[in-house]
Every structure is written in C-alpha cells, then in structure tokens.
Amino acid sequence: MKARHITPELAKSRLVTPEDMVSCNLAFIDCKLPGSHLKQNYSFVGPGVTQSSAQVVNIPEPHGFNIGAAAMPKGVTNNLHLHFTAEVFLIHEGTWRFRWGANGENETELSAPAILSIPTWIFRGFTNVSKEETCGMVYTVLGGNNTGGIIWHPSILNAASEYGLYLSKENMLIDVNAGDTLPEPAGLLTPLPAEEIAALRHYSVEEMRQRAVAGADRRWSAAGLLDSVLPGHGGEIAPVIGFGISQDKHAAPTIVNPHGFSVEWLRLAADHVVGRHLCPDVQVIMVFKGTLEVTWNVEGEEVSIVAPERSVISVPANSWRRYRALEGEMECILTTEGDQRKRVYWDQEILQQARAANRCLDPDGYVTAVDLLPETAKRAGLRLEVMP
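Description of the structure in this document. (Residues numbered from 1 in each chain as written. Predicted model: local features only at pLDDT ≥ 70, side-chain atom pairs only at ≥ 80, totals over all residues. Heavy atoms only, no water.)

**Looking at the overall build of the protein**
Phase 1 of the analysis: Within the protein, the secondary structure is distributed over six helices and 25 strands.
Phase 2 of the analysis: In terms of its C-alpha atoms, the protein occupies a principal-axis envelope of roughly 70 × 45 × 40 Å.
Phase 3 of the analysis: Here the protein holds 388 residues, and 56% of them are scored as buried.
Phase 4 of the analysis: Of the roughly 16100 Å² of accessible surface on the protein, 52% is carried by carbon and sulfur atoms.
Phase 5 of the analysis: Measuring between centres, the 33 positive side-chain charges of the protein sit 5 Å from its 45 negative side-chain charges. (Helix = DSSP H or I, 4+ residues; strand = E, 2+ residues; numbered from the N terminus. Buried < 20%, exposed > 50% of the residue type's maximum accessible area, 1.4 Å probe, protein only. Areas by Shrake-Rupley, 256 points an atom, 1.4 Å probe, with all protein chains shown as cover. Lys, Arg positive; Asp, Glu negative; His and termini not counted. Charge placed at Lys NZ, Arg CZ, Asp CG, Glu CD.)

What follows is the structure, given as structure tokens:
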C-alpha cells in the first residue's frame, strides 16, 4: 500500500467551509408547497438525491456515500418520501420532529447533537420544531455512490402539480411555470400504488428510537485510539453506526445493520491532537463544535487546513493525517466508507511513544497494555502495525 501525498491544492479542494456551501431552494418537488418553500438543500460530497440539475456539488468524487444538508427555519417541513439506500440524519442545530409510516402517522423528536438512521423503503419526513426562531441545520449521509433517487408520497406529487411541478421518469424536476415542457403522461413518474404503500414495513416508535443516539447517550471511550494515553493527545471516540476506527475492545456501536459506511463521534480537548495515522478507507469529517486543524503527509512538506464549525472535510484514503483542536474543545463526526471494521496505521514515532507508555495493539488490533501480552501475541500485534 502506497501512502497518498496531499498537495496544498488537493487539501484545499477537500475542504468545504460554511462560506463554500451553496444552497438550492428548488432541489425537490415539494419546494413550492406552503410550509416547505423556505427549505435549502446542500450537496457537499456527491449529489445525494437532489432532483435539480442546478444543485451545486462541492466534491463530486465518489466516496461510496453522499454527504449533504438541509437548512430549514422553524416550522418548515420536508415532506413524506422514501429512500432505497441508507439515510442518516446528523442534527447540528435545533429540535426536529421526524415522521414515518404510510401517512407519517408515527413521530419522534430529537435535538442537537443527535444522530438518527431511518430504514430504507419507508416514508419519512421531518420538521424544524425548535423553540427558538432559528434556521436549523441537519446533515445527511446517504448510502452508495448512486442512491437511485427517492419516491415521494402520492399526496405530495398531487399537491405539487397544483404549483406546476412534476417529476420525469428520470426522477428530475419539471417546472412548467419556469418554462419546462410537460411530457406526455407516459413520461412522468408513476405514483406508488396504495397497495404497495400498505405493504411497506412498519416501524414502531420504540424501534425507531433504537436507531437514534442523542447527545447525552453517546458512549465516549478514552481508549478508542492507541495514542490517547500520550501527553497532549487524548482523543475520545463514541461509535454510533457500524465499526469505525475505534481500537477499544469494548466499543459497542448502537446501530450495526449494514449502511455501507460507519459513523462515530470524535472529541478532542483544546489544543490536543490525534497523532499522525493512516486509514486505507476514504473518510469525511463534519465539524460540529469548535475548530479542527488537519495536517497531512509524513514525508516532505506538511500541508494543513483549518476547518471551522459546520465545515466538511473529505480525507483521501491512504493519506497520513493528524488532527488538532483549535480555539477550545472540538467535536466532529467521522463517516468512513465500508461496513467492515476499519484499520488504522500509526507512524513509528507514535508507536514508539505508546510502547514507552505501556500501550500497544493486541493480535486483534485492539489497544492493550504491553506487559499483559506474551511474546507471541506481541509479535502478532506488531505485524498489524506495519502497512502492507
């Protein structure tokens, strides 16, 4: 495996700051319905499920998943629709009411910071119900490079037609009032039949709550990274979906069904670091609190970017990187491609310092005390530390 060298130009192109984010208010067929016309859609990594050719995509390179966001003022609603691939909501600001079921008959509320994974092939919608008059922000992770788009509830398709909005067979928006040509009925998307809607899987409120992790429910581990015992390090991991980069043998993510990616929290105290390491899988970081500095490369010129709160950073696979919290405590979410447990390789300086602090990896790649292992286990652990 050859490490990827990151140039200053590449590093800059992988950072999406709040100033780089370009919204689209005509991304979906419900964009003109009363109560939904003020929502803004963003596509940071991949196009997601946008139905507008005008949607700006900051980083179009395939990652195995898509990252986007919805910004919606208090009281604004995203209407009932269903997805074919995983959809995960990462609540950054506000309180949100999520609805699901054949007619949105079930609901639950979550406030920032929280993560919710809604199953595929069920209708869902959501509303900003914050007490404050604020424009809430929800990030989304969508599975796959090609999501296949979405299916809107027949009631939404019918209501949108009153405003001159339709969907083509290709699931793209047709705005008659903006001059688009309305095709023959055979060229329009067919609503999902009532009998198919009735046959969709039912999820109770309790079942859906098991797919949510509120901020207070995060299970932080100070043993999730090999370098956490070193002075000035101390990164903490809180797994949420799947098996990410945690090296804590007791790590237990709340949600384990396949998504095509893992999701976990990372927390750093002010001016603390996660030492130089490499992950063979592409990752995306969403900064939820504080400011994060990412520094790349182990040989040659180091390259750094500074990501303020709300930023999105795409970290290339097989690249050496180091994280540092600037201007206070930092919390971010790591999304990593693949359902498998992720491998992390540390540079030699980190490995040596960890061993001096009586920490190493056991033969299964989990952090343990060096003096607990027999020599055979130590040698097996050492082999895991070396990049193939």
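Back to the write-up after that little detour.
**Some points on the packing of aromatic side chains**
To describe a pair of aromatic rings, you give the distance between the ring centres and the angle between the ring planes.
Phase 1 of the analysis: For the coordinates displayed, the defined rule picks out eleven aromatic pairs.
Phase 2 of the analysis: Measuring from centroid to centroid gives 5.4 Å for Y139 and F288, while their planes differ by 35°, and the two rings are tilted. Here F288 lies in strand β19 (residues 283-296) and Y139 lies in strand β11 (residues 135-143), a separation of 149 residues in the sequence.
Phase 3 of the analysis: Exposure remark for Y139: the relative accessible area of 0% places this residue in the buried category. (Phe/Tyr/Trp six-rings, centres within 6.5 Å; stacked < 30°, edge-to-face > 60°.)

**Some remarks on the environment of T336**
Phase 1 of the analysis: Tracing the chain through its elements places T336 in strand β22 (residues 319-337).
Phase 2 of the analysis: Given a relative accessible area of 0%, T336 falls into the buried group.
Phase 3 of the analysis: As for T336 and S262, which are separated by 74 residues in sequence, their C-alpha atoms are 5.3 Å apart.
Phase 4 of the analysis: At a separation of 3.0 Å, a polar atom in the side chain of T336 contacts the side chain of Q283. (Polar contact = N/O pair within 3.5 Å; in protein donor to acceptor, adjacent residues only side chain to side chain.)

**Topic: the pairing of strand β2 (residues 40-45)**
Phase 1 of the analysis: With five of six residues buried, β2 lies mostly within the body of the structure.
Phase 2 of the analysis: Sheet topology note: the β2/strand β4 (residues 65-73) ladder contains five bridges and is antiparallel. Across the sheet, the residue bridging to N41 is A70, located in β4.
Phase 3 of the analysis: Strand direction decides the pairing type here: β2 and strand β3 (residues 57-59), joined by two bridges, are parallel. Bridging across to β3, S43 finds its partner in V57. (Pairing = 2+ DSSP bridges.)

**Brief notes about the nonpolar core**
Phase 1 of the analysis: Of all hydrophobic cores here, the largest spans 35 residues; its most connected members are I285, I313 and Y323.
Phase 2 of the analysis: Contributing elements (two or more residues each) for this core: α1 (8-13), β17 (261-268), β18 (273-279), β19, β20 (303-307), β21 (312-315), β22 and α5 (348-356).
Phase 3 of the analysis: Those residues in contact with I285 that sit more than four places away from it in its chain are L292, S311, V312, I313, V315, Y323, C332, I333 and L334.
Phase 4 of the analysis: Counting 30 residues, the second largest nonpolar core, distinct from the first, contains V45, M137, I241 and F261. (Core = buried A, V, L, I, M, F, W, Y, C linked by side-chain atoms within 4.5 Å. Contact = heavy atoms within 4.5 Å.)

**Digging into the side chain of D175**
Phase 1 of the analysis: Within the secondary structure, D175 is located in strand β14 (residues 173-175).
Phase 2 of the analysis: A relative accessible area of 9% places D175 in the buried class.
Phase 3 of the analysis: One polar contact links D175 to K32, side chain to side chain, over a distance of 3.0 Å.
Phase 4 of the analysis: Contacts of D175, omitting those with residues within four sequence positions, involve K32, G164, L165 and D180.

**Things to note about the sheet that holds strand β7 (residues 95-100)**
Phase 1 of the analysis: Strand order in the open sheet made by the five strands is β8-β7-β10-β5-β12, with antiparallel pairing throughout. Of all strands in the sheet, those bounded by a partner on one side alone are β8 (106-111) and β12 (150-152). Averaged over all neighbouring strand pairs, the angle between strand axes comes to 30°, with direction disregarded.
Phase 2 of the analysis: Pairing analysis gives three bridges linking strand β5 (residues 77-83) to β12, with the strands arranged antiparallel. Considered in β12, the bridge of H83 is made with I150. (Axes fitted to C-alpha atoms, helices over the stretch in contact; angles between N-to-C directions.)

**Considerations on the state of the cysteines**
Phase 1 of the analysis: Under the criterion given, the structure shown has zero disulfides.
Phase 2 of the analysis: Of all cysteine sulfurs in the structure, the one in C279 sits closest to C332, which takes part in no disulfide; the separation is 14 Å. (Disulfide = S-S within 2.5 Å.)

**Re the pairing of strand β9 (residues 114-118)**
Phase 1 of the analysis: The element β9 is largely enclosed, with a buried count of five among its five residues.
Phase 2 of the analysis: Across the two faces of β9 the burial is the same, with A114, L116 and I118 and I115 and S117 all buried.
Phase 3 of the analysis: One ladder, built from five bridges, connects strand β6 (residues 87-93) with β9; its direction is antiparallel. The residue bridging I91 from the neighbouring strand is A114, located in β9.
Phase 4 of the analysis: In this sheet, strand β15 (residues 212-214) lies alongside β9 in antiparallel orientation, the contact comprising three bridges. Paired with L116 across the two strands is A212, which belongs to β15.

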